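Residues per chain are reported as follows:
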Amino acid sequence: MKVQLLCALNDTNVDAAQLSNQRQLAISISAMAGECDQHLPLNLCLILDKSGSMHGKPMNTVIQAVEQLLDRLQPGDLISVVAFAGAAEVIIPSQPVEDLEGIKAQLKKKLKAGGGTSIAEGLQLGITELMKGTKGAVSQAFLLTDGHGESSLRIWKLEIGSDDNKRCLELASKAAKINLTINALGFGNDWNQNLLEKIVDAGGGTLGYIERPEQALDQFRHLLQRIQSVRVTNAHLLLSLVPHVRLAELKPIAQVAPDTIELVVQTEPHGGFTVRLGDLMQDMERVVLANIYLGQLPEGQQVIGHVQIRYDDPVANQQDLVSPMVPIYADVVRAYQPAPNPLVQKSILALAKYRQTQLAEAKLNQGDRTGAATMLQTAANTALQIGDQGAATVLQSSATRLQAGEELSEADLKKTRMVSKTVLQD
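Residues numbered from 1 in each chain as written. Predicted model: local features only at pLDDT ≥ 70, side-chain atom pairs only at ≥ 80, totals over all residues. Heavy atoms only, no water.

### Here's the deal with the pattern of salt bridges
Heads up, the condition is: The term salt bridge refers to a side-chain nitrogen of Lys or Arg lying within 4 Å of a carboxyl oxygen of Asp or Glu. The helix count covers DSSP runs of H or I at least four residues long, the strand count covers runs of E at least two residues long, and both are numbered beginning at the N terminus.
With the rule as written, the count across this model stands at 25 salt bridges. Its salt-bridge partner being Arg226, residue Asp259 comes within 3.5 Å of it at the nearest N-O pair. With Asp259 in the loop between strand S14 (253-257) and strand S15 (261-262) and Arg226 in helix H6 (residues 216-228), this residue pair connects regions lying 33 residues apart in the sequence. Close ionic contact of Glu361 with Arg417 constitutes a salt bridge, the shortest N to O distance being 2.5 Å. Of this pair, Glu361 sits in helix H7 (residues 342-365) while Arg417 sits in helix H10 (residues 410-421); the two residues are 56 residues apart in sequence, bridging distant segments of the chain. A cluster of three or more residues bridged by salt bridges with shared partners is formed by Lys57, Glu211, Arg212, Glu214 and Lys415.

Here's what the structure looks like:
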């Protein structure tokens, strides 16, 4: 097993006469299968919303999706199921996938809709179940909900009750630290997109949108395919820069593929930087974009930094492996001529689409409908530049409706967020 690591600047040529040159560094990371590669066991927990709003077709469809997922698991995989409403309970304790019919029977018996929505309690129990089987496995959770977490009641300076959303984010952060990845599926149109996005971003998970119950089957299958392709876990990007080269101060590093995530950068005592990536999938690129500034450097080809990946190999039961160090080159020239890299430019535009959509949402929340429409129009044009026709259609539709004085529905808002972050599944 090895990690493939490639890097490129958006413009390799750097003007020697400039005191400061801004560049975007694209880093591509993927796990490569070895000749004797074997199935990597899954340690999977399903954390399912059984609140009253899931009654009827939504719950029946979710049960059907879970049953199909169980049929696709392999010997050696572990499964657990947690259900939550006003409280949470473990309905399938962590166990090997052996007695499929027994697991399905328990699922149908115990997964009955009714009650409120305490997402944090479900997350806490799910993490506890995952911790029982982390050794030598890919440990991930599917969190499915159709609602918002329960908020605390604030009276003057007193906070009464727990803030479910705050606890969710704390749990997601703790899960990432112990190498557990949480994926989230928003069901219907009333789920908290800000909360679920923050939960999955904390550990490099995936956010999915189930607008209609019948889409649950495809979403579960899509997520399972992704985690079955994981070959490397607990991956961290290690970046070091030479003197006179620095990271941008604001939002310096973001992931742009397969999903867009603003990444957290940790500065190390030796001056380097570490970014957690989580699990790496086989033959699926993880593309990270770093915003850097180069001061004046000597003419000629210069090494401006190095990148490598630290990771765990569950099959070999080895931790803290490191990939070979890859140098980052820049050509410092006196007669400057741009040498743009079209692939890096596409990554820059993908990140721009995401940030433009975020800005549009902020303007809409502030009541600036005209400003929101303008930014959505800009994001639609950006999507067209990178050939993302699906995103362009959704973003343009939302912009047009705002320009016509119409309100955006909850479905419109969620589609707009999803196409800015990832590619909607058919």
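There's more to say after this.
### Some points on the sheet that holds strand S6 (residues 88-96)
What counts is decided by this rule: Strand pairing follows a simple DSSP-based rule, namely that at least 2 bridges must link the two strands. The axes are straight lines fitted to the C-alpha atoms, using for helices just the contacting stretch, and the angles between their N-to-C directions are given from 0 to 180°. Here, residues are in contact when the closest pair of their heavy atoms is within 4.5 Å.
Overall, mixed pairing links the 6 strands, which are arranged S6-S5-S4-S7-S10-S11 in an open sheet. Sheet topology places S6 and strand S11 (207-210) at the edges, where each strand pairs with a single neighbour. Each neighbouring strand pair of the sheet contributes to a mean axis angle of 15°, computed without reference to strand direction. Here helix H1 (residues 57-72) sits on the sheet in contact with strand S4 (42-49), strand S5 (78-84), strand S7 (138-145) and strand S10 (181-187), set at roughly 175° to S4.

### So, the packing of aromatic side chains
As a reminder of what qualifies: Here a pair means two rings of Phe, Tyr or Trp (six-membered ring of Trp) with centres within 6.5 Å. Their orientation is stacked below 30 degrees between planes, edge-to-face above 60, and tilted elsewhere. Buried, partly exposed and exposed residues are distinguished by accessible area as a fraction of the type maximum, computed with a 1.4 Å probe on protein chains only: under 20%, between the cut-offs, and over 50%, respectively.
Applying the stated criterion across every chain yields a total of 2 aromatic pairs. Ring geometry for Phe142 versus Phe220: centroids 6.0 Å apart, planes at 75°, classification edge-to-face. You can see Phe142 sitting in strand S7 and its partner Phe220 sitting in helix H6, a full 78 residues away along the chain. Its relative accessible area of 0% is what places Phe142 among the buried residues. Ring geometry for Trp191 and Tyr209: centres 5.7 Å apart, planes at 55°, overall tilted. Note that Trp191 is positioned in the loop between S10 and helix H5 (193-203) and Tyr209 in strand S11, a separation of 18 residues in sequence.

### Structural notes on the pairing of S4
For clarity, the threshold we go by: Looking down the strands as they point away from the viewer, one classifies a crossover as right-handed if the path from the first strand across the helix to the second runs clockwise.
Most of S4 sits out of view: 8 of its 8 residues are buried. Alternating positions in S4 separate into two faces, Leu42, Leu44, Leu46 and Leu48 on one and Asn43, Cys45, Ile47 and Asp49 on the other, with burial throughout. Bridging between S4 and S7 involves 7 bridges; their strand directions are parallel. Paired with Leu46 across the bridge in S7 is Phe142. The sheet contact formed by S4 and S5 spans 7 bridges and is parallel. Residue pairing for S5: Leu44 is matched across the bridge by Ile79. One crossover worth recording links S4 to the parallel S5 by way of H1, and it is right-handed.

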